[in-house]
Amino acid sequence: MTEKVNSLNKKDTSWSGRFNEPVAELVKKYTASVGFDYRLAPYDIQGSIAHARMLSERSIISRQDFAAIEKGLQEIAQEIEAGQFEWLLDLEDVHLNIEKRLTDKIGDAGKRLHTGRSRNDQVATDVRLWLRATADQVVAGLHQLQGSLLDLAEKHYDTVMPGFTHLQVAQPVTFGHHLMAYYEMLKRDAARFVDCRKRINRLPLGAAALAGTSYPIDREMVAKNLGFDGVCENSLDAVSDRDFAIEFTFASSLVMTHLSRLSEELILWSSPRFAFIDIADRFCTGSSIMPQKKNPDVPELVRGKTGRVYGHLTALLTLMKGQPLAYNKDNQEDKEPLFDTVDTLLVTLEIYADMMRGITVNKENMRQAASEGFATATDLADYLVKKGMPFRDAHEVVALAVRHAVEQNVDLSDLPLASLQKFAAEISDDVYAVLTLEGSLQSRNHIGGTAPVQVKAAIARAKKEMG
Ligand code: ARG
């Protein structure tokens, strides 16, 4: 972007008549937003054309003026796309830059574009149009990642791994089951964006500065033309609230929360201590000093960038807090956090979908870890309950058996029948079926359970809902 500072004289600014001295240079820089809001340009143009079309349909401007405005704006869109548009800091923001260029191109017709409109309803419209398109991109990105999780889960629907609570081996699960937990989280995330989109997709235009306008406008026509589901029903609310942006950033924060959890696990699992998985080299870097290292940089950065997105959520909430109705310049500060949230989220989703495809699993190590932490102790307690023992008693019996096994430095399934029977006479030969990892997995055979048949069924359902 080229910035030409202070190249215009006073009468070129849109509100200059009221002022006795030009805005101070530093203030100009401080208040200008064109350095970042230029990326709303395509939506600004789309909104302006719809507004002008309505003005001409309602005979507020002439058909000829509309034709000139439409043609001029389309040319400006091309200039911007081709990188030939000169953005001027003196013109403050994307809206005034485009309007000034239009007027330079087509004269008085360009000056009529802003009839019945304010930058307040204009900017709210632009942000909503942009965020609506962005929400769709986020949902597509989430689906990509869900798809790669599903593919990996399918390969490992029966791969045994230790399930953890308190990061201690708890009960065996399958790796596929573990991955499907993240599928579920991302499914809710996608639903949150779809839902949030409904509240984004309302038209502020027509609210003008804050109170509406005296021209005989047709807001429904503009809404329909721009693909909005309806209009914002209160003009003061339309120009001032940014709750839809906050909501979007909250939904983004939750995605990052979920990905930070998975990242933490990928970091642990790929460390030589766990050695459960290997992350493809293209997602890792080495150390400049320690030749043996392969660092999981991408998951670490995702974990780190989560904080950055939370920061944007806090920024937006704080920005809105205590603002009196209606529009205040504070709201100009909504854009950078929002833009950075979107940029961070979209690239994170893209890289993550690819990274999950590049994960290889060390089944042996996963299995070994599952067999080391008495992961089937609960199964032994359940076995005793099925033989008639109250659960609390069974819990105590198994605790004693585990203690004995720890002392002997063996697994429960390594204890001979006679020594197991010392803890409970109910135990017989069939106990070994429940003490195995496979037996434990298979017994959790209900919807939501980790039995491989259930994991397979969950994957099939997921594939169906993804279409
Ligand atoms: N650049 C401004 C923003 O982002 C546009 C609206 C300006 N409105 C005003 N009354 N100064 O919010």
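Criteria and thresholds
- Residues numbered from 1 in each chain as written.
- Predicted model: local features only at pLDDT ≥ 70, side-chain atom pairs only at ≥ 80, totals over all residues.
- Heavy atoms only, no water.
- Helix = DSSP H or I, 4+ residues; strand = E, 2+ residues; numbered from the N terminus.
- Buried < 20%, exposed > 50% of the residue type's maximum accessible area, 1.4 Å probe, protein only.
- Contact = heavy atoms within 4.5 Å.
- Areas by Shrake-Rupley, 256 points an atom, 1.4 Å probe, with all protein chains shown as cover.
- Lys, Arg positive; Asp, Glu negative; His and termini not counted.
- Charge placed at Lys NZ, Arg CZ, Asp CG, Glu CD.
- Near = heavy atom within 4 Å.
- Nonpolar A, V, L, I, M, F, W, Y, C, P; charged D, E, K, R; others polar.
- Salt bridge = Lys/Arg side-chain N within 4 Å of Asp/Glu carboxyl O.
- Polar contact = N/O pair within 3.5 Å; in protein donor to acceptor, adjacent residues only side chain to side chain.
- Axes fitted to C-alpha atoms, helices over the stretch in contact; angles between N-to-C directions.
- Parallel < 35°, antiparallel > 145°, perpendicular 65-115°, else oblique.
- Left-handed = near helix turned anticlockwise from the far one by under 90°.
- Phe/Tyr/Trp six-rings, centres within 6.5 Å; stacked < 30°, edge-to-face > 60°.
- Lys NZ or Arg CZ within 6 Å of the ring centre and 35° of its normal.

## Quick notes on the overall build of the protein
1) Next: Counting secondary structure elements, the protein contains 20 helices and six strands.
2) Next: With respect to the principal axes defined by its C-alpha atoms, the protein has extents near 100 × 55 × 40 Å.
3) Next: Buried residues in the protein amount to 49% of all 467 residues.
4) Next: For the protein, restricting intrachain contacts to residue pairs at least 6 apart in sequence, the fraction spanning at least 24 positions comes to 74%.
5) Next: Summed over all atoms, the accessible surface of the protein reaches about 22600 Å², with 52% contributed by carbon and sulfur.
6) Next: For the protein, the separation between the mean place of its 55 positive charges and that of its 64 negative charges on side chains is 3 Å.

## Remarks on the site of the ligand
1) Next: In the neighbourhood of the ligand, the contacting residues comprise Ser 33, Asp 37, Asp 93, His 95, Arg 119, Asn 120, Val 123, Tyr 327, Gln 332 and Lys 335.
2) Next: For the ligand, the protein covers 85% of the area, taking 340 Å² as the surface of the free molecule.
3) Next: The dominant element in the shell around the ligand, judged by the number of residues it contributes, is helix H7 (residues 119-155), at three residues.
4) Next: For the shell around the ligand, the residue count by class is two nonpolar, four polar and four charged.

## Some points on the pattern of salt bridges
1) Next: Within this structure, the stated rule accounts for 34 salt bridges.
2) Next: A salt bridge links Glu 70 to Arg 53; the shortest N-O distance between them is 3.0 Å. Placement of the pair is Glu 70 in helix H4 (residues 63-81) and Arg 53 in helix H3 (residues 41-57), with a sequence separation of 17 residues.
3) Next: In this structure, Lys 329 engages Glu 92 in a salt bridge whose closest nitrogen and oxygen atoms are separated by 2.8 Å. Of the two residues, Lys 329 is situated in the loop between helix H12 (297-320) and helix H13 (335-357) and Glu 92 in the loop between H4 and helix H5 (94-106); the sequence distance between them amounts to 237 residues.
4) Next: Take Lys 329: its relative accessible area is 36%, and that puts it in the partly exposed class.
5) Next: A relative accessible area of 10% places Glu 92 in the buried class.
6) Next: Beyond isolated ion pairs, a larger network of salt bridges with shared partners links Lys 71, Glu 75, Glu 79, Arg 101 and Lys 105.

## With respect to the side chain of Asp 340
1) Next: Note on placement: Asp 340 falls in helix H13.
2) Next: Residue class for Asp 340 comes out buried when judged on its relative accessible area of 19%.
3) Next: Polar side-chain contacts of Asp 340 include one of 2.6 Å to the side chain of His 312.
4) Next: In this structure Asp 340 touches Arg 308 and His 312, once residues within four positions along its chain are discounted.

## A closer look at the packing of H4 against H5
1) Next: At a minimum axis separation of 10 Å, H4 and H5 run at an interaxial angle of 120 degrees. Considered as vectors, H4 and H5 are oriented oblique to each other. The hand of the H4/H5 crossing is right-handed. Contacts between H4 and H5 pair Ala 68, Ile 69, Gly 72, Leu 73, Glu 75, Ile 76, Glu 79 and Ile 80 from the former with Ile 98, Arg 101, Leu 102, Lys 105 and Ile 106 from the latter.
2) Next: Tallied by class, residues from the contact of H4 with H5 come to eight nonpolar, one polar and four charged.

## Quick word on the packing of aromatic side chains
1) Next: All told, the structure shown has seven aromatic pairs when counted by the stated rule.
2) Next: Ring geometry for Phe 274 and Phe 276: centres 5.2 Å apart, planes at 80 degrees, overall edge-to-face.
3) Next: Here Phe 274 falls in the partly exposed class, since its relative accessible area comes to 21%.
4) Next: Overall, the relative accessible area of 2% leaves Phe 276 in the buried class.
5) Next: Through a chain of ring-to-ring contacts, the aromatic side chains of Tyr 38, Phe 85 and Trp 87 assemble into a single cluster.
6) Next: Just above the ring of Phe 339 sits the side chain of Arg 39; from NZ or CZ to the centre is 4.4 Å.
7) Next: Here the basic side chain of Arg 128 rests over the ring of Phe 244, its NZ or CZ set 4.1 Å away from the ring centre.

Note that all results are geometric; they support no functional claim without further evidence.
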